[in-house]
Amino acid sequence: MEIRIAGVEPESVVDGEGIRFAIFFQGCLRRCRGCHNPATHALDGGKLVDTSELIDAFRKNPLLTGITLTGGEPLLQIPAALELAKAAKSSGLDVWCYTGCTLEKIPPAASELLKNIDVLVDGEYVEELRDLELAFRGSKNQRVIHLHKAR
Ligand code: SF4
C-alpha cells in the first residue's frame, strides 16, 4: 500500500520510550502556531513509498522497542497507519501514535487503528502551553495516553 511520508528516523529515542522506528507521515491541515515540523504540512509533499518497505526496515532491526507514527498527521492516512501498526504488533513491537486529534474526537474510521496503538499522544500543539520539561510531548494540553491500561 502506498503511503506519503516526510521521512523516517530508524532509531529514534525522542518519539516515545525506548528505541523506535519513527515514521513521519506527510500532510497536516492543522497549522498549529509554532509547529515543530512545518515541512510535513503539504498534502502533496514528501515522497510516496510502499508500506512494505517500511515494514521490512523495522522488522530487520532487533534493537527496536517499537514504531512511532507521527508527522504530519497520521490520521490522514488511516489505512496505511493501520497496516504499519498491525505489522509492528505481529512482530512484537509496540506502537505509539501522535495525532493533533484529541482521543475523544478521533473519527470512527480509526477505531481499528486505535486497537493496534499502545500509546496515543493526542492534541494539537499549543505554543502558549509549550514546556520543555515534558516527556514526549511539546505542550501541556497534549496527553500521553496508554490506551490498553485505560481499558
Ligand atoms: S498537528 Fe502536529 S504537524 Fe500538524 S500543525 Fe500541529 S504540530 Fe504541526
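Structure's up top.
The present account deals with the structure reproduced in this document. Keep in mind the model is a prediction, meaning the values are calculated, not measured.

## Describing the pattern of salt bridges
- Here the structure, examined in full by the defined rule, presents ten salt bridges.
- Residue aspartate 94 pairs with arginine 20 through a salt bridge whose shortest N-O separation is 2.7 Å. Placement of aspartate 94 in strand 5 (residues 94-98) and of arginine 20 in strand 2 (residues 20-25) is noted, with a sequence separation of 74 residues between them.
- On the basis of relative accessibility, which here comes to 0%, the residue arginine 20 falls in the buried class.
- Each of Arg30, Glu73 and Glu124 takes part in one network of salt bridges that share partners.

## Notes on the sheet that holds strand 4 (residues 66-70)
- Pairing is mixed across the open sheet formed by seven strands, whose spatial order is 3-1-2-4-5-6-7. Two strands lie at the open edges of the sheet, namely strand 3 (47-50) and strand 7 (143-146), each paired on one side alone. Shown here is a sheet whose adjacent strand axes are inclined to one another by a mean of 30°, direction ignored.
- Examined bridge by bridge, strand 1 (residues 2-12) and strand 2 share five bridges and lie antiparallel to one another. Bridge assignment links serine 12 to a residue of strand 2, and that residue is arginine 20.
- Of the strands in this sheet, strand 1, strand 2, strand 3 and strand 4 touch helix 1 (residues 51-59), which is tilted by about 65° from strand 3.
- Contacts from helix 2 (residues 78-90) reach strand 1, strand 2, strand 4 and strand 5, with the element oriented near 170° to strand 4.

## Here's the deal with the site of the ligand
- Around the ligand, a shell composed of Cys28, Arg30, Arg31, Cys32, Cys35, His36, His41, Gly72 and Tyr125 is seen.
- In this structure the site holding the ligand corresponds to the largest pocket.
- Here the residues of the shell around the ligand are counted per class, giving four nonpolar, three polar and two charged.

## Overview of helix 1
- Thr51, Leu54, Ile55 and Phe58 are the residues of helix 1 that are buried. Considered in projection along helix 1, the buried side chains sweep an arc of 100° and stay on one side of the axis.
- Contact partners of the buried residues in helix 1: strand 1, strand 2, strand 3, strand 4 and helix 2.

## Remarks on the environment of leucine 134
- With respect to the secondary-structure elements, leucine 134 resides in the loop between strand 6 (119-122) and strand 7.
- Once you skip the residues sitting within four places of it in the chain, leucine 134 turns out to touch Ser139 and Lys140.

## Topic: the layout of surface pockets
- The computed volume of the largest pocket comes to approximately 570 Å³.
- Together, 29 residues line the largest pocket, and His36, Thr70, Tyr98, Tyr125 and Gln142 are the ones closest to its centre.
- Taken together, the residues of the lining of the largest pocket sort by class into ten nonpolar, 13 polar and six charged.

## So, the packing of aromatic side chains
- Tallying each qualifying case throughout the model produces two aromatic pairs.
- Ring centres of phenylalanine 21 and phenylalanine 58 lie 5.7 Å apart, and the angle between their planes is 65°; on these two criteria the pair is classed as edge-to-face. On the criterion of sequence distance, the pair formed by phenylalanine 21 in strand 2 and phenylalanine 58 in helix 1 is long-range, its members being 37 residues apart. Assigned by exposure class, phenylalanine 21 and phenylalanine 58 land together as buried.
- Ring centres 5.3 Å apart and planes at 75° place the aromatic pair tryptophan 96 and phenylalanine 136 in the edge-to-face group. Note that tryptophan 96 is positioned in strand 5 and phenylalanine 136 in the loop between strand 6 and strand 7, a separation of 40 residues in sequence.
- Exposure remark for tryptophan 96: the relative accessible area of 2% places this residue in the buried category.
- By relative accessible area, phenylalanine 136 is classed as partly exposed at 24%.

About the cut-offs
- Residues numbered from 1 in each chain as written.
- Predicted model: local features only at pLDDT ≥ 70, side-chain atom pairs only at ≥ 80, totals over all residues.
- Heavy atoms only, no water.
- Salt bridge = Lys/Arg side-chain N within 4 Å of Asp/Glu carboxyl O.
- Helix = DSSP H or I, 4+ residues; strand = E, 2+ residues; numbered from the N terminus.
- Buried < 20%, exposed > 50% of the residue type's maximum accessible area, 1.4 Å probe, protein only.
- Pairing = 2+ DSSP bridges.
- Axes fitted to C-alpha atoms, helices over the stretch in contact; angles between N-to-C directions.
- Contact = heavy atoms within 4.5 Å.
- Near = heavy atom within 4 Å.
- 1 Å grid on protein atoms, 1.4 Å probe; cavity = no way out; pocket = protein on both sides within 12 Å on 5 of 7 lines; lining within 4 Å.
- Sits in = over half its atoms within 2 Å of the grid points.
- Nonpolar A, V, L, I, M, F, W, Y, C, P; charged D, E, K, R; others polar.
- Arc of directions from axis to C-beta.
- Points joined across faces, edges and corners; volume = space filled by probe spheres on them.
- Phe/Tyr/Trp six-rings, centres within 6.5 Å; stacked < 30°, edge-to-face > 60°.

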